[in-house]
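Residues per chain are reported as follows:
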Amino acid sequence: MLISPHAELEDVTTLADLGKYMFEWATSVDLPVASAVIARFSGSRIKYTPLHNLDAKLDALTSTQRVRDRDPVMHRARDSAIPLVWDSNTYAGSGCGDIYEDLQASGVRSGVIAACHMPGGGRFALRLDGASPQQREPLRIAADVALLAAFVCDAAVRILSEEDRKRLTSTGLTPRESELLRWTALGKTAWEIAVIVGLSRSTVAKHLDSAARKLGCTSRREAALLAQHSGLIQLQ
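Caption draft 1: Geometry of the pairing of strand S4 (residues 110-117). Within S4, seven of the eight residues are buried, which leaves it mostly tucked inside the rest of the structure. Relative to S4, strand S3 (residues 84-86) runs antiparallel, the two being bridged by three bridges. Bridge pairing in S4 links Val-85 to Val-112. Bridge analysis of S4 against strand S5 (residues 123-130) gives eight bridges, and the strand direction is antiparallel. Residue Cys-116 lies in a different strand from S5, and its bridge partner there is Phe-124.

In structure tokens, the structure reads:
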């Protein structure tokens, strides 16, 4: 049995319930404004899934190009897995005092951000903010938020992967299409696959193109990667 303050997340099966847990925990540590972004690979593309309780004003502010390009807290989540406890000095020291003033006007004055790498690629970031200066010892709150981020990330990957698997299973891939996608994921060309399975190259190409259309992909390689990441095919 996993012993952890967040072990109950192992039983969470929806993003709504995951968000509810995250928001309640954030409120319990006086950082009630919570936002998470899950960036994961879908084939060869990156798919972003947000999870937050931001009000309309704060959501609009953090979505602007100015904030996305300059916010030092967001940059930290992109560039490092080390959690950051931030306040006005974080923004002033980066020449972004104007952004902090906008955050303050929205009721946010300090917070913590933590990021982690996701299994199979991708990145997860969790940001918890509050209206008052953080009273807890910085190292302690940073460690607590980093631990929460790891558990929320793990739960989010599991939930989203299961949603993908169910959605893609319903696309009706044939056994032959799955087989050829597997060979493609292993790096084989259409000509090499044709030799391996005893079909013509044109027939292999036809099956792979059909599979790509069913999975909503623009290329055979993307379809193979998506099928692999979602568990539709196994390389072992």
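Caption draft 2: Spotlight on the pattern of salt bridges. Tallied over the entire structure, the rule returns twelve salt bridges. Between Arg-40 and Asp-164 there is a salt bridge, with its nearest N and O atoms 2.7 Å apart. Linking Arg-40 in strand S1 (residues 33-42) with Asp-164 in helix H7 (residues 138-169), this pair joins segments that are 124 residues apart in sequence. Here Arg-40 matches Asp-164 in class, with each residue buried.

Caption draft 3: Here's a closer look at the side chain of Thr-62. In this structure, Thr-62 sits in helix H2 (residues 56-62). Overall, Thr-62 belongs to the buried group, its relative accessible area being 17%. Engagement of the side chain of Thr-62 in a polar contact is seen with the backbone oxygen of Asp-59, the distance being 3.3 Å.

Caption draft 4: A look at the pairing of S5. The buried fraction of S5 amounts to eight of the eight residues, a majority that puts the element mostly inside the structure. Alternating residues of S5 divide into Arg-123, Ala-125, Arg-127 and Asp-129 and Phe-124, Leu-126, Leu-128 and Gly-130, and every residue in both groups is buried.

Caption draft 5: Inspection of the packing of helix H8 (residues 175-185) against helix H9 (residues 190-197) at higher detail. Interaxial distance between H8 and H9 falls to 10 Å at its minimum, and their mutual angle equals 125°. On the basis of their axis angle, the class for H8 and H9 is oblique. Like other packed secondary-structure pairs, H8 and H9 cross with a definite hand, here right-handed. Residues Arg-176, Glu-179, Leu-180, Trp-183 and Thr-184 of H8 lie in contact with H9, whose contacting residues are Ile-193, Ile-196 and Val-197.

Caption draft 6: Summary view of the packing of aromatic side chains. Evaluation of the coordinates by the stated rule reveals three aromatic pairs. With a centroid separation of 6.4 Å and an interplanar angle of 80°, the aromatic rings of Trp-86 and Tyr-100 are classed as edge-to-face. You can see Trp-86 sitting in strand S3 and its partner Tyr-100 sitting in helix H6 (residues 97-105), a full 14 residues away along the chain. Accessibility expressed as a relative area gives 1% for Trp-86, which makes it buried. Measuring from ring centre to ring centre gives 5.9 Å for Tyr-91 and Tyr-100, while their planes differ by 45°; the resulting arrangement is tilted. As far as the burial class goes, Tyr-91 and Tyr-100 line up, both buried. An aromatic cluster of three or more residues is present, and its members are Trp-86, Tyr-91 and Tyr-100.

Caption draft 7: Structural context of helix H11 (residues 220-229). Among the residues making up H11, those that are buried are Glu-222, Ala-223, Ala-224, Leu-225, Leu-226 and Ala-227. One or two residues past the end of H11 sits Gly-231, with phi positive at roughly 85°.

Rules and cut-offs
Residues numbered from 1 in each chain as written. Predicted model: local features only at pLDDT ≥ 70, side-chain atom pairs only at ≥ 80, totals over all residues. Heavy atoms only, no water. Buried < 20%, exposed > 50% of the residue type's maximum accessible area, 1.4 Å probe, protein only. Helix = DSSP H or I, 4+ residues; strand = E, 2+ residues; numbered from the N terminus. Pairing = 2+ DSSP bridges. Salt bridge = Lys/Arg side-chain N within 4 Å of Asp/Glu carboxyl O. Polar contact = N/O pair within 3.5 Å; in protein donor to acceptor, adjacent residues only side chain to side chain. Axes fitted to C-alpha atoms, helices over the stretch in contact; angles between N-to-C directions. Parallel < 35°, antiparallel > 145°, perpendicular 65-115°, else oblique. Left-handed = near helix turned anticlockwise from the far one by under 90°. Contact = heavy atoms within 4.5 Å. Phe/Tyr/Trp six-rings, centres within 6.5 Å; stacked < 30°, edge-to-face > 60°.

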